[in-house]
Amino acid sequence: MNSVPAPADADAGDSTRTNLLGMTRPALRAWVAGLGEQPYRADQVMKWAYHRGAKAFGEMTDLSRLFRERLESLAEFRAPRIESVQQSSDGTRKWLLRLEDGNAIETVLIPEERRVTLCVSSQVGCALNCSFCSTATQGFSRNLSVEEIVGQVWLAHHAVGEEDPDGPGITNVVFMGMGEPLLNFDNVVAAMNIMRDDMAFGLARRRVTLSTSGLVPGIDRLREVCDVSLAVSLHAPDDELRNKLVPINRKYPIAELLAACERYVAARPRARVTFEYTLMAGVNDSPRQAKALARVLEGVPAKINLIPFNPYPGAVYRRPSQGDMQRFVDILHRAGYTTTLRRTRGDDIDAACGQLVGRVKDRTRRQARHRARLEGDRPLA
Ligand code: SAH
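Source: prediction; values computed, not measured.

Participant: Help me get a handle on the overall build of the chain, residues and values and all.
Facilitator: Along the backbone of the chain there are 11 helices and 14 strands. Across the 381 residues in the chain, those meeting the buried criterion constitute 56%. Residue pairs at least 24 apart in sequence account for 68% of intrachain contacts in the chain once pairs closer than 6 positions are excluded. Accessible surface computed for the chain: about 16,400 Å², of which carbon and sulfur atoms make up 48%.

In structure tokens, the structure reads:
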């Protein structure tokens with residue numbers, strides 16, 4: 001009777017039971033109704049599973065015994081299997097999760113003083129080929145399912161809750177792990193709806209952040225269907241450089257991207273877009289580029305999140321000196337922008353931004369080509 005298995009022994013095997021973890025509330029209501037039960041029973045099941053940490057349907061005592069027995073034979077909350085956990089000296093923790101098809105993904109927990117942020121993956125690998133990102137080196141394998149995305153939050157939520165039952169649990173989720181979330185649109189939106197649902201993780205809009213490399217149609221669709229915070233990976237103040245760093249820019253150049261960002265925040269009172277900008281020595285870190293960044297973002301409700309480049313084996317870029325990074329921050333501050341220079345976390349376990357690679361089973365020829373290209377590359381000074 002392990003219908004709602006404890007995360008550590010979650011069985012990612014060949015179960016044929018329906019996985020309720022991937023179901024939004026409307027989907028679960030429909031499924032429950034299909035069993036001849038009142039749809040509101042779905043809300044009770046979710047509350048037991050997500051809020052009260054029930055480990056088995058048998059514990060859900062306000063459901064009829066017959067219904068509980070049917071749930072036990074038909075359904076379960078099945079998260080990916082934890083293959084390994086690494087703990088950094090700064091408290092950051094990285095899980096390697098094994099999926100049912102043998103692929104693996106990574107999820108990172110970043111505890112801070114007033115919040116506990118989980119960085120989740122949305123795809124196995126990534127198709128976008130950003131020149132400075134290690135996930136890109138493995139190529140794209142496939143989209144994650146809703147349950148594989150929600151499963152990351154579920155596992156971390158249980159792990160954190162077991163260690164500190166009176167603590168806040170996971171307070172923030174950011175889609176800054178592997179993959180481009182807007183290229184897995186439907187599954188990511190369903191997963192975010194579960195994260196936001198009061199019967200599930202109940203996270204407020206500001207606490208769920210989707211980070212995108214800048215897919216304009218995806219940003220516009222997201223604006224219509226889901227209320228979350230938006231982060232955009234800008235990394236360059238002009239199209240010429242951004243074309244090299246973030247190749248999708250050739251399709252959606254900066255002016256179009258910023259127009260989509262303005263439409264996104266216009267629909268949300270007091271919202272601002274977070275612009276991520278990974279600082280790379282001699283590439284995009286000069287005072288001239290800081291001033292150009294301030295100019296290009298003029299008029300857009302923006303926060304700027306500067307990320308020191310995180311090296312990985314084979315990387316052709318370098319992190320700028322602390323002095324150069326501080327100079328960049330100062331220029332943006334003087335121009336009136338809320339700017340943070342991200343403290344690098346999880347360095348010793350390769351858990352920092354852009355370092356997540358997981359391990360992909362079905363490696364493609366594309367990956368070999370990418371490696372060859374990367375090895376031949378010079379920094380884009
Ligand atoms: N596909 C999404 C999520 C990517 S990861 C996106 O593009 O936004 C989150 C952030 O880390 C992105 O801004 C990404 O560009 C950045 N990043 C990738 N590799 C990095 C590296 N090696 N060092 C620092 N930041 C990196």
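Still more ground to cover, so stick around.
Participant: So what about the packing of aromatic side chains? Which residues, and what values?
Facilitator: In the structure shown here, the tally under the stated rule is eight aromatic pairs. When the ring of Y50 is compared with that of F77, the centres are 5.9 Å apart and the planes differ by 90 degrees; the resulting orientation is edge-to-face. Pair noted here: Y50 is in helix α2 (residues 41-51) and F77 is in the loop between β2 (75-76) and β3 (81-87), with a separation of 27 residues, a long-range link. For the pair Y50 and F77, a shared accessibility class is recorded, and that class is buried. Taking 5.4 Å as the distance between ring centres and 85 degrees as the angle between the ring planes, the aromatic pair formed by Y50 and W154 counts as edge-to-face. Of the two residues, Y50 sits in helix α2 while W154 sits in helix α4 (residues 146-163), which places them 104 residues apart along the sequence. For the pair Y50 and W154, one class covers both residues: buried. Through pairs of rings, three or more aromatic residues link up here, namely Y50, F57, F77, W154 and F201. Seen from the ring of F185, R221 lies directly overhead, with NZ or CZ sitting 3.9 Å from the centre.

Participant: With reference to specific residues and values, describe the environment of N184.
Facilitator: Within the secondary structure, N184 is located in the loop between β9 (172-175) and α5 (185-196). Separated by 61 residues in sequence, N184 and Q123 place their C-alpha atoms 7.3 Å apart.

Participant: I'd like a rundown of the pattern of salt bridges, residues and numbers included.
Facilitator: Taken as a whole and assessed by the stated rule, the structure comprises 22 salt bridges. Between K55 and E162 there is a salt bridge, and its shortest N-O distance comes to 3.8 Å. With a gap of 107 residues between them, K55 in the loop between α2 and α3 (65-74) and E162 in helix α4 connect regions that are remote in the sequence. The class for E162 is exposed, based on a relative accessible area of 51%. Between E83 and R98 there is a salt bridge, with its nearest N and O atoms 2.8 Å apart. Of this pair, E83 sits in strand β3 while R98 sits in strand β4 (residues 93-98), placing them 15 residues apart in sequence. Classification of E83 by relative accessible area gives partly exposed; the value is 33%. The class of R98 is buried, set by a relative accessible area of 16%. A network of salt bridges, in which partner residues are shared, links R17, E76, R78 and E100.

Participant: Report on the nonpolar core, specifying residues and quantitative values.
Facilitator: Y50, M192, M195, L222 and F275 are the most contacted members of the largest nonpolar core, which has 112 residues in total. For this core, the element with the highest residue contribution is α4, accounting for nine residues. The residues touching F275, leaving out its near neighbours within four places in the chain, are V232, L234, L258, C261, L297, V300, A302, K303, I304 and N305. In terms of nonpolar packing, the next biggest core, distinct from the first, is built from six residues, I110, C119, V174 and M176 among them.

Participant: Tell me about the site of the ligand, and please be specific about residues and values.
Facilitator: Taken together, 21 residues surround the ligand, and among them G179, S211, S233, H235 and N310 come closest. In this structure, T278 approaches the ligand through a side-chain N or O atom, which is 3.0 Å from a nitrogen atom. For the ligand, whose unbound accessible area comes to 540 Å², protein coverage reaches 96%. Elements represented by at least two residues in the shell around the ligand include exactly β10 (208-212), β12 (273-279) and β13 (302-308). A per-class count over the shell around the ligand returns nine nonpolar, 10 polar and two charged.

Participant: Any chance you could break down the packing of helix α6 (residues 216-225) against helix α8 (residues 254-266) for me, citing the residues and the numbers?
Facilitator: Close contact between α6 and α8 brings their axes to 9 Å; oriented N to C, the two are set at 5 degrees. With respect to their mutual orientation, α6 and α8 come out roughly parallel. Of the residues in α8, those touching α6 at V216, I219, D220, L222 and R223 are E256, L257, A260, R263 and Y264. Residue classes in the contact of α6 with α8 are distributed as six nonpolar, no polar and four charged.

Participant: Summarise the pairing of strand β14 (residues 338-341); cite the residues concerned and give the values.
Facilitator: With four bridges connecting them, β13 and β14 associate as parallel partners. Looking at the pairing, K303 lines up with T338 of β14. Each parallel crossover has a hand, and the one from β13 via helix α10 (residues 322-334) to β14 is right-handed.

Participant: So what about α10? Which residues, and what values?
Facilitator: Think of an α-helix as 3.6 residues a turn; residues three or four steps apart then line up on the same face. Over its 13 residues, α10 runs 18 Å from end to end, which matches the ideal 18 Å to within 8%, given 1.5 Å per residue. M325, F328, V329, I331 and L332 are the residues of α10 that are buried. The arc enclosing the buried residues of α10, seen along the axis, measures out at 160 degrees, which places them on a common side. Among the exposed residues of α10, those oriented more than 90 degrees off its buried face are Q322 and R334.

About the thresholds
Residues numbered from 1 in each chain as written. Predicted model: local features only at pLDDT ≥ 70, side-chain atom pairs only at ≥ 80, totals over all residues. Heavy atoms only, no water. Helix = DSSP H or I, 4+ residues; strand = E, 2+ residues; numbered from the N terminus. Buried < 20%, exposed > 50% of the residue type's maximum accessible area, 1.4 Å probe, protein only. Contact = heavy atoms within 4.5 Å. Areas by Shrake-Rupley, 256 points an atom, 1.4 Å probe, with all protein chains shown as cover. Phe/Tyr/Trp six-rings, centres within 6.5 Å; stacked < 30°, edge-to-face > 60°. Lys NZ or Arg CZ within 6 Å of the ring centre and 35° of its normal. Salt bridge = Lys/Arg side-chain N within 4 Å of Asp/Glu carboxyl O. Core = buried A, V, L, I, M, F, W, Y, C linked by side-chain atoms within 4.5 Å. Near = heavy atom within 4 Å. Polar contact = N/O pair within 3.5 Å; in protein donor to acceptor, adjacent residues only side chain to side chain. Nonpolar A, V, L, I, M, F, W, Y, C, P; charged D, E, K, R; others polar. Axes fitted to C-alpha atoms, helices over the stretch in contact; angles between N-to-C directions. Parallel < 35°, antiparallel > 145°, perpendicular 65-115°, else oblique. Pairing = 2+ DSSP bridges. Right-handed = clockwise from strand over helix to strand, strands pointing away. Expected span 1.5 Å × (residues − 1). Arc of directions from axis to C-beta.

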